[in-house]
Amino acid sequence: MNTHLRRAAIAMTATAMAVSLAACGEAGGGDKGDGDNKTIGLLLPESKTTRYESFDYPLIKAKVQDLCSDCKINYKNASENVSTQKQQFDDLVDSGVKVIILDAVDSGATKAWVQEAKKKDIKVVAYDRLAEGPVSAYVSFDNEKIGKLQGQGIVEALGDKAKDSNVVMINGKESDPNAALFKKGAHSVLDGKIKKVVYEQTGEWDPKIAGEKMGTAITSLGKDGFDAVYSANDGMAGGIVAALESAKVKGIPVGGQDAELAGIQRILKGTQAFSIYKPYKPEAEKTAEVAVKLLKGEKIDSLVTAKLDSPSDKGIPSALVQAFVVTKDNIKDTVVKDKLYKTSEICTPDFAKACADAGIK
């Protein structure tokens with residue numbers, strides 16, 4: 001092969017490799033931004049909880065593009081790794097984005113990130129978890145109230161036996177400020193209305209770890225040593241229910257949160273007592289509206305009417321979305337009515353009878 005042909009072959013190979021790598025990048029992490037004022041960064045914390053990939057990302061992306069047809073989302077998921085999210089944040093800053101939506105893996109770690117972004121006139125919208133630092137806005141739920149709803153769900157599931165009942169608590173990840181608020185809210189209801197919290201640990205938002213902690217509780221307390229289980233979310237509730245079933249412990253109400261599809265099906269089956277339905281669409285769409293307005297340099301006062309404090313900053317413009325307890329009795333009027341899931345997704349053959357009994361068709 002002569003020199004010119006060899007160079008042409010090398011160039012063609014390099015081009016093919018570049019196209020292949022670009023395709024891999026797009027498949028793995030969302031839309032690439034063009035570094036101008038039409039790109040919004042979106043950083044989500046993990047994917048073990050199904051909501052982030054199934055709801056938050058697609059809902060935010062759709063609303064942003066509805067409001068701004070030529071805007072783009074540069075999306076990354078940190079897979080629960082703070083260092084990974086820090087690198088993703090830095091990459092967005094370096095790419096020239098003007099707005100970053102941040103759902104922090106560890107809210108306490110973000111203070112310096114957000115401060116540096118502010119120096120470069122980059123607006124940060126704290127999403128779902130209140131990141132530290134001078135964020136421009138915060139959109140989430142009233143997380144202490146959600147904890148209260150969870151506590152009330154446990155009390156109602158226990159009924160007349162509540163005051164004589166012992167409860168196991170499997171909380172969320174300690175570095176997540178929402179987990180602390182859920183725990184605080186739940187205790188504010190449970191303490192005084194039940195006999196005692198007899199075992200309390202973090203499940204790290206991980207079904208496997210939560211199941212292991214539940215197994216330890218069963219071993220240390222005995223099968224008759226507790227009457228209900230508080231799980232901070234539905235993912236962990238799945239691990240907890242599996243541990244209870246493995247130990248042949250029956251009739252124990254388990255409460256969760258997030259209205260995950262598997263959680264809704266467990267409620268229908270009777271192995272989970274309730275979940276907390278946090279309507280992701282209004283949360284995601286409100287966040288998208290705030291981000292687009294900030295991108296365009298417009299005021300956001302009409303969208304964020306509350307003021308909240310983080311450990312590092314006060315008076316953060318905030319919007320809080322209402323949440324609801326979901327039991328077998330109101331699945332039809334909440335997650336089905338709001339089209340969170342299709343009936344066909346919930347009522348698979350294994351759950352057809354339970355769906356019919358609950359009036360879901």
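Preceding this paragraph is the structure being described.
Quick notes on the rules
Residues numbered from 1 in each chain as written. Predicted model: local features only at pLDDT ≥ 70, side-chain atom pairs only at ≥ 80, totals over all residues. Heavy atoms only, no water. Helix = DSSP H or I, 4+ residues; strand = E, 2+ residues; numbered from the N terminus. Rg over C-alpha atoms; globule rule 2.2 N^0.38 Å. Areas by Shrake-Rupley, 256 points an atom, 1.4 Å probe, with all protein chains shown as cover. Lys, Arg positive; Asp, Glu negative; His and termini not counted. Charge placed at Lys NZ, Arg CZ, Asp CG, Glu CD. Salt bridge = Lys/Arg side-chain N within 4 Å of Asp/Glu carboxyl O. Core = buried A, V, L, I, M, F, W, Y, C linked by side-chain atoms within 4.5 Å. Buried < 20%, exposed > 50% of the residue type's maximum accessible area, 1.4 Å probe, protein only. Contact = heavy atoms within 4.5 Å. Disulfide = S-S within 2.5 Å. Pairing = 2+ DSSP bridges. Axes fitted to C-alpha atoms, helices over the stretch in contact; angles between N-to-C directions. Phe/Tyr/Trp six-rings, centres within 6.5 Å; stacked < 30°, edge-to-face > 60°. Expected span 1.5 Å × (residues − 1). Arc of directions from axis to C-beta. Polar contact = N/O pair within 3.5 Å; in protein donor to acceptor, adjacent residues only side chain to side chain.

1. Here we look at the overall build of the chain
On a plain count of helices and strands, the chain comes out with 13 helices and 13 strands. In terms of overall size, the chain behaves like a compact globule, its C-alpha atoms giving a radius of gyration of 23 Å where 361 residues would be expected to give roughly 21 Å. For the chain, the computed accessible surface area is about 16700 Å², with 51% contributed by carbon and sulfur atoms. One way to put it: in the chain the 50 positive side-chain charges average out to a point 1 Å from where the 50 negative ones average out.

2. A word on the pattern of salt bridges
Oppositely charged side chains may form a pair once their charged atoms are brought near each other. Under the counting rule described, the total for this entry stands at 20 salt bridges. Salt-bridge contacts for Glu144 lead to Lys184; the nearest nitrogen and oxygen are separated by 3.8 Å. Taken together, the positions of Glu144 in helix α5 (residues 143–158) and Lys184 in helix α6 (residues 177–190) put the pair 40 residues apart, joining distant regions of the chain.

3. Points about the nonpolar core
For soluble globular proteins, nonpolar side chains are generally found buried alongside one another. Counting 42 residues, the largest nonpolar core has Met214, Phe226, Val229 and Leu244 as the members making the most contacts within it. Looking at this core, the elements that each hand over two or more residues are α5, β6 (166–171), α6, β7 (196–202), α7 (207–221), β8 (228–231) and α8 (234–246). Counting residues per element, this core draws most heavily on α8, at six residues. Non-local contacts of Met214, meaning those with residues more than four positions away in its chain, are made with Val168, Phe226, Val229, Ile240, Ala243 and Leu244.

4. Looking at the environment of Ala179
Relative to the helices and strands, Ala179 is located in helix α6. Take Ala179: its relative accessible area is 6%, and that puts it in the buried class. Contact partners of Ala179, with chain neighbours within four places excluded, come to Gly172, Lys173 and Trp205.

5. A closer look at the state of the cysteines
Taken as a whole and assessed by the stated rule, the structure comprises two disulfides. Disulfide pairing is shown between Cys68 and Cys71; the S-S distance is 2.0 Å. On the sign convention where negative is left-handed, the bridge of Cys68 and Cys71, at about 70 degrees about the S-S bond, is right-handed. The pair formed by Cys68 and Cys71 is uniform in burial state, with each residue classed as buried.

6. Quick word on the sheet that holds strand β12 (residues 316–321)
The seven strands are arranged β2-β1-β3-β4-β5-β12-β11 in an open sheet whose pairing can be described as mixed. Since the sheet does not close on itself, it has two edges, and those belong to β2 (72–77) and β11 (306–308), each with one partner. Here the strands of the sheet are splayed against their neighbours by 25 degrees on average, with no regard to which way each runs. Of the strand pairs in this sheet, β11 and β12 are connected by three bridges, and their pairing is antiparallel. When the bridges of β12 are listed, Lys307 appears paired with Pro317. Against the sheet, helix α2 (residues 51–67) engages β1 (39–44), β2, β3 (99–102) and β4 (123–127), with an angle of about 165 degrees to β2. With respect to the sheet, helix α3 (residues 82–95) is in contact with β1, β2, β3 and β4, its orientation differing from that of β1 by roughly 175 degrees.

7. A closer look at the packing of aromatic side chains
By the definition in use, this model includes six aromatic pairs. Aromatic pair Phe55 and Tyr341: ring centres 5.8 Å apart, planes at 70 degrees, arrangement edge-to-face. On the criterion of sequence distance, the pair formed by Phe55 in helix α2 and Tyr341 in the loop between α11 (332–336) and α12 (343–346) is long-range, its members being 286 residues apart. In this pair, the class of Phe55 matches that of Tyr341, namely buried. Seen from their ring centres, Tyr277 and Phe324 are 6.5 Å apart, and the 35 degrees between their planes marks the pair as tilted. Here Tyr277 is found in strand β10 (residues 275–277), whereas its partner Phe324 is found in strand β13 (residues 324–326), with 47 residues between them in sequence. These aromatic residues form a ring-pair network of at least three members: Phe55, Tyr280 and Tyr341.

8. Quick word on the environment of Asp258
Tracing the backbone through its elements, the reader meets Asp258 in the loop between β9 (254–255) and α9 (261–269). The spacing of Asp258 and Lys61 is 197 residues in sequence and 20 Å in space, taken between C-alpha atoms. Apart from residues lying up to four places away in sequence, Asp258 is in contact with Thr49, Arg51, Asn233, Asp234, Ser275, Ile276, Lys278 and Tyr280.

9. Structural notes on α7
Taking 1.5 Å of rise per residue, 15 residues should cover 21 Å, and α7 covers 21 Å from first to last C-alpha, within 8% of that figure. The set of residues buried in α7 consists of Ala210, Gly211, Met214, Ala217 and Ile218. Taken down its axis, α7 places every buried residue within 115 degrees of arc, on the same side. Turned more than 90 degrees away from the buried face of α7, the exposed residues are Lys208, Thr219 and Ser220. Those residues of α7 hidden inside the fold are in contact with β6, β7, β8 and α8. Put simply, Asp206 is the residue that caps the front of α7, since its side-chain oxygen is 2.8 Å from the backbone nitrogen of Lys208.

10. So, α9
For α9, the set of buried residues is Gly263, Ile264, Gln265, Arg266, Ile267 and Leu268. Structurally, α9 contributes buried residues whose contacts are with α8, β10, β13, α11, α12 and α13 (352–357). Directly after α9, the chain includes Gly270, whose backbone phi takes a positive value near 100 degrees.

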